[in-house]
Amino acid sequence: MIMRSIFLSIVLIFTFSPSHSQQLLSANGKSIVNENGDTLILRGMGLGGWMLQEGYMLQTAGFANAQHKIEERITDLIGEEATERFYDAWFENHVRKADIDSLKSWGFNSVRLPMHYNLYTLPIEDEPTPGEDTWLDRGFIMTDSLISWCKQNDMYVVLDLHAAPGGQGKDEGISDYDPSKPSLWESDENKRKTVALWKKLAERYVNEDWIAGYDLINEVNWELPGNTDLKNLYLDITHAIREVDNRHIIFIEGNWFANDFTGLTPPWDDNLVYSPHKYWSYNDKATIQWVLDIQNDYDVPLYFGEWGENSNPWFKDAISLFEEYGIGWAVWPMKKIESIAGPLSIVKTDGYQTLLDYWNNGGTKPSAAFAEATLMEITEGLKIEKCYYQKDVIDAMFRLQNSETTRPYTAYNIPGKIEAVNYDMGPVGVAYFDIGIADFRVSSGNFTAWNNGWSYRNDGVDIEVTEDDQNDLGFNVGWMDEGEWLQFTPSTIESGLYDVKVRIASNADGATFSMQVDGADITSHIETPNTRGWQTWQDVIVRDVPLDESDKYIRFSVENSGFNLSSMEWIKTGNLNDVTTDYVSSITLDENNISLSINKRINNTEINKSLFSLSVNGESTSIDEIKISESSDRNMLLSISRDLRSDDDILISYTGSEIQSIDGRNLETFTNRRVRNTIAIVHPIPGKVEAEEYF
């Protein structure tokens, strides 16, 4: 292994003046509290990839999952000196004060620092004197800097030993495990060094109140019968820490990726927190009941020190679940190359793809000059100002914890062009609806790609790189299923009549869509052409769509699937009164209520029900009441006493001249317009139930 900036001299121990801010945290019953006794929920970000590179974060997992293998590949291309320069820049740029300032502004109050032991001390194989410890400057200086940045932001730091001496698990990427060398569990000397490292850390940070605590070993994954060896090592570490530091919390993870606490209860320290991890499972009480039992049985706090790698809806629900039970958390991770599932995405350059192609497939070896320039460009791209900020991820984690409202993803006006991928930020079912919204593989047994295109945003909406030469962003919405929809909230809408140029690509027949304003249909079902390719783009012009300046949001709905959507351009062609006031659609809301939409806002405050007639299966049916919808004054709500059934054929007619739109034009009469019947099928028992007729 290359020795990077190693100093063999004795490191001066930096001690921090005791804080008088009463911010030191401790375990108190089921809660983590400060010195005033105030409960604090840790809301943290895991700084994965900084001190310890994991292959999947760099897209090298297929050929180099562990950091030492990544380093070997880099060294083979650019040599040892250039590799050292690469890692110097990596450590310098991956986490800086600007990152911590941003985390604070987004709403986080803590970070979890995944530490690689080799930044603090030498591997046992490299120690000049066996059984002794050479302490290295770099890891301590990086930790000092992080604590300083966090202190300036009133944020806590959880120290997490992510890569223990020798490696604590056979998942190589997590702990930089090298099977050719003795693991943590196969070497008493590695265990001794682990204990010594924690004692050194505790000596250094005993008086630092912005250290939340010590997460002793991350995600052990090793066959340890009864977890006896794990507990014995935990006890040794705890004893060593308590010799020099009785102030800070000790965080304990279970075996098998933090979630097997067999033999690790009851707690052996008065200031101890159990720290499970949670990935790809349902977000309900049942999935965490096993750790709630630990919390309740032993009156101890819980801290989900890792979770993430999922969709925005999953993030929103996970945080809601944790905080319902007063549990702190740290999401994982902050940065990855070309990622949607975190707040910051490192841009993957063309040069880096060239290196990945070579590492994956062989071929002509890139020159050392090219490879070094490419890798240094990646380290420059680590800086937060060079990363792509996934604001929708942060919105799901914080704003949506207290709000079910939407927010525009970006500012745009009508008339104007709206890129389909810029639908509103907000909860599923409010900002958009999509059938697949998260990965629940641990609970369901099946992997689900919530965004099949893995591009641009982290919702359930499927977004891919587009070949549409008229798309300004480079992405389109694809894999659109029947019943899915997207909502858009323009900054301003100019009243008028519009033609809408909808960019469509399709490889299917019979696909249709519709559009709504504030919940009311403003178009009928619009057929899309089969363009003979999912990236063969064509304009579909929807004519004479009226909008009013008081309209709030627009929805684009998939009626029949079979097309991709790139953009909608709203082109003003005239004034509202240039088009007649007409019926658009009607639909059943339930067994006794029907919604009827017209193309403009209604001026009337009351509706005479005698102006309408309704027939069900050819039989005239009386209307009890008609009123304007509270959600949209383009909608009229009809109530009837008769219970409608799923197989009813419902027709509606209007023969009056009293209903006016806001531009003063009378609603045109219409006859026998079919009401879309959405009543759920009711199956009489006894009788035959067809499997496909589920609700």
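S.K.: Kindly report on the overall build of the protein chain, identifying the contributing residues and their values.
M.R.: Along its length, the protein chain carries 14 helices and 36 strands. If you line up the protein chain on its principal axes, its C-alpha atoms span 100 × 60 × 55 Å. Counting across all 695 residues of the protein chain, residues that qualify as buried make up 57%. For the protein chain, contacts bridging at least 24 residues in sequence account for 73% of all contacts bridging at least 6. For the protein chain, the computed accessible surface area is about 27,900 Å², with 46% contributed by carbon and sulfur atoms. Charged side chains in the protein chain number 57 positive and 109 negative. The centres of these two groups are separated by 2 Å.

S.K.: An account of the confidence of the model for the protein chain is requested, with residue identities and associated values reported.
M.R.: The pLDDT averaged across the protein chain works out to 94; a share of 96% of its residues lies at or above 70. Predicted confidence is poor over residues 1-20, with pLDDT under 50, and the contacts of this stretch with residues over four places away or in other chains come to 48 contacts.

S.K.: I'd love a proper account of the packing of helix α2 (residues 67-94) against helix α11 (residues 350-361), names of residues and values included.
M.R.: Packed helices, taken two at a time, are described by the angle their axes make and the gap between the axes. Between α2 and α11, the least distance of the axes is 12 Å, while the angle of their chain directions is 110°. One way to sum up the angle between α2 and α11 is to call them roughly perpendicular. From α2, Arg73, Ile74, Asp76 and Leu77 reach across to α11, where they touch Leu355, Tyr358 and Trp359. For the contact of α2 with α11, the per-class residue count stands at five nonpolar, no polar and two charged.

S.K.: Hey, could you go over the sheet that holds strand β35 (residues 650-654) for me, with residue numbers and the actual values?
M.R.: An order of β32-β31-β35-β36 is seen for the four strands of this open sheet, with the pairing classed as antiparallel. Of all strands in the sheet, those with a lone pairing partner are β32 (619-621) and β36 (670-674), marking the two edges. Mean inter-strand twist for the sheet, computed between neighbouring axes without regard to direction, equals 30°. Across three bridges, strand β31 (residues 612-616) lies against β32 in antiparallel orientation. Looking at β32, one finds that Ser615 is bridged to Ser620.

S.K.: Provide a residue-level description of unusual backbone geometry, including the pertinent values.
M.R.: Pro333 follows Trp332 through a cis peptide bond whose omega is -20°. Tracing the chain through its elements places Pro333 in the loop between β11 (328-332) and β12 (335-337). Residue Pro415 is bonded to the preceding Ile414 through a cis peptide linkage, with omega at 10°. Tracing the backbone shows Pro415 in the loop between β15 (413-414) and β16 (416-419). Its identity as a non-glycine residue notwithstanding, Trp454 has a phi of 50°, on the positive side. Along the chain, Trp454 falls in the loop between α14 (441-444) and β18 (463-465). On the basis of relative accessible area, Trp454 is assigned to the partly exposed category, the value being 41%.

S.K.: Hey, could you go over the packing of helix α6 (residues 188-205) against helix α7 (residues 228-244) for me, with residue numbers and the actual values?
M.R.: Their axes nearest at 8 Å, the elements α6 and α7 cross at an angle of 30°. As summarised for this structure, α6 and α7 are arranged roughly parallel, according to the angle between their axes. The crossing of α6 and α7 is right-handed. Seen from α6, the contacting residues are Lys191, Thr194, Val195, Trp198, Lys199, Ala202 and Glu203; seen from α7, they are Leu233, Asp236, Ile237, Ala240, Ile241, Glu243 and Val244. Taken together, the residues of the contact of α6 with α7 break down into eight nonpolar, one polar and five charged.

S.K.: Can you lay out the side chain of Ser632 for me, pointing to particular residues and giving the numbers?
M.R.: Take Ser632: it is sitting in the loop between β33 (625-628) and β34 (635-639). Each residue touching Ser632, except ones within four places of it in the same chain, is listed here: Val517, Asp518 and Ala520.

S.K.: Lay out the packing of aromatic side chains in plain terms, naming residues and giving numbers.
M.R.: Evaluation of the coordinates by the stated rule reveals 38 aromatic pairs. Aromatic side chains Tyr120 and Phe140 sit 5.0 Å apart centroid to centroid with 90° between the ring planes, which places their arrangement in the edge-to-face category. One end of the pair, Tyr120, is in the loop between β4 (110-116) and α4 (137-152); the other, Phe140, is in helix α4, and 20 residues separate them in sequence. Pair check on accessibility: Tyr120 and Phe140 agree, each one buried. Taken together, a centroid distance of 6.2 Å and an interplanar angle of 70° make the contact between Phe556 and Phe563 edge-to-face.

S.K.: Residues and numbers for the sheet that holds strand β30 (residues 593-598), please.
M.R.: If you walk across this open sheet you meet the four strands as β29-β30-β34-β33, and the pairing is antiparallel. For this open sheet the edge positions go to β29 (583-590) and β33, each flanked by a neighbour on one side alone. This sheet shows a mean twist of 20° between the axes of neighbouring strands, independent of strand direction. Here β30 pairs with β34 via five bridges, running antiparallel. Directly across from Ile594, in β34, lies its bridge partner Leu638.

S.K.: Explain α11 residue by residue, including any values.
M.R.: Along its 12 residues, α11 runs 16 Å from first to last C-alpha, staying within 8% of the 16 Å computed at 1.5 Å per residue. Those residues of α11 that sit buried are Gly351, Tyr352, Leu355, Leu356, Tyr358 and Trp359. Mapping the buried residues of α11 onto a view down its axis gives an arc of 160°, with all of them on the same face. Among the exposed residues of α11, those oriented more than 90 degrees off its buried face are Asp350 and Asn361. Within two residues after α11, Gly362 carries a phi angle of roughly 80°, on the positive side.

S.K.: Outline the nonpolar core, supporting the account with residue identities and numerical values.
M.R.: Ranked by size, the top nonpolar core spans 108 residues in total, and within it Phe108 and Leu146 carry the most contacts. Examining the composition of this core, we find that nine residues originate from one element, α2, more than from any other. Once residues lying within four places of it in the same chain are set aside, the contact partners of Leu146 are Leu47, Trp50, Val95, Ile100, Val111, Leu113 and Val157. Of all hydrophobic cores here, the second largest spans 40 residues; its members include Ala431, Tyr432, Ala511 and Met568.

S.K.: Residue-level account of the side chain of Lys600, with values.
M.R.: Tracing the sequence through the fold places Lys600 in the loop between β30 and β31. Polar contacts involving the side chain of Lys600 include one to the main-chain carbonyl oxygen of Val579, which spans 2.6 Å. For Lys600, the contacting residues outside a window of four places in its chain are Pro546, Leu576, Asn577, Val579, Thr580, Thr581, Asp633, Arg634, Ser661, Asp663 and Arg665.

S.K.: Could you give an account of the pairing of strand β28 (residues 563-574), naming the residues involved and the relevant values?
M.R.: Examined bridge by bridge, β16 and β28 share four bridges and lie antiparallel to one another. Paired with Lys417 across the bridge in β28 is Glu569. Pairing geometry for strand β22 (residues 496-506) and β28, over nine bridges, is antiparallel. Looking at the pairing, Ala505 lines up with Asn564 of β28.

S.K.: Just give me the short version of the environment of Ala196, but keep the residues and values in it.
M.R.: Tracing the sequence through the fold places Ala196 in helix α6. Along the chain, Ala196 and Gly363 lie 167 residues apart, while their C-alpha atoms are 46 Å from each other.

S.K.: Run through the environment of Ile607, naming residues and quoting values.
M.R.: Structurally, the position occupied by Ile607 is in the loop between β30 and β31. Remark: the alpha-carbon pair of Ile607 and Ile659, spanning 52 residues in sequence, is separated by 7.4 Å. When residues no more than four places from it in sequence are discounted, the contact partners of Ile607 are Ile602, Phe612, Ile626, Ile628, Met636 and Ile659.

Criteria and thresholds
- Residue indices begin from 1 for each chain and proceed along its sequence in written order.
- Side-chain atom pairs in this predicted model are given and counted only at pLDDT of 80 or more, local residue features only at pLDDT of at least 70, and totals for whole chains, interfaces and linings cover all residues.
- Side-chain numbers here rest on the full set of heavy atoms in the structure, without hydrogens or water.
- For the purposes of this entry, the term helix denotes a DSSP run of H or I that reaches at least four residues, the term strand denotes a run of E that reaches at least two, and both are numbered from the N terminus.
- Partly exposed describes any residue whose relative accessible area lies between the buried limit of under 20% and the exposed limit of over 50%, with all areas from a 1.4 Å probe on protein chains only and scaled to the type maximum.
- Only heavy atoms enter the contact rule, under which two residues are in contact if any of them lie within 4.5 Å.
- All accessible-area figures derive from a Shrake-Rupley calculation using a 1.4 Å probe, and residue coverage is judged against the displayed protein chains alone.
- Note that His is not counted, nor are the chain ends; the positive residues are Lys and Arg, and the negative ones are Asp and Glu.
- A single reference atom marks each charge: NZ on Lys, CZ on Arg, CG on Asp, CD on Glu.
- The predictor reports its confidence for every residue as pLDDT, a score running from 0 up to 100.
- Axes here refer to lines fitted to C-alpha atoms; in helices the fit is confined to the stretch in contact. Angles between the N-to-C directions go from 0 to 180 degrees.
- Angle categories: roughly parallel below 35 degrees, roughly antiparallel above 145, roughly perpendicular from 65 to 115, and oblique for all the rest.
- Gly is put with the polar residues, along with every residue not named as nonpolar or charged; the nonpolar set is Ala, Val, Leu, Ile, Met, Phe, Trp, Tyr, Cys and Pro, and the charged set is Asp, Glu, Lys and Arg.
- At least two DSSP bridges between two strands are required for those strands to pair.
- In this scheme the crossing of two helices becomes right-handed for a clockwise turn of the near helix relative to the far one and left-handed for an anticlockwise turn of less than a right angle.
- What counts as a ring pair is set by centres within 6.5 Å for rings of Phe, Tyr and Trp (its six-membered ring), and what kind of pair is set by the plane angle: stacked under 30 degrees, edge-to-face over 60, tilted for all other angles.
- The span one expects for a helix is its residue count, reduced by one, times 1.5 Å.
- Arc definition: directions from the helix axis to the C-beta atoms.
- By nonpolar core we mean a set of buried residues, namely Ala, Val, Leu, Ile, Met, Phe, Trp, Tyr and Cys, connected to one another through side-chain atoms within 4.5 Å.
- Here a polar contact is taken to be a pair of N or O atoms separated by no more than 3.5 Å, where protein atoms must pair a possible hydrogen donor with a possible acceptor and residues adjacent in sequence count only if both atoms sit in side chains.

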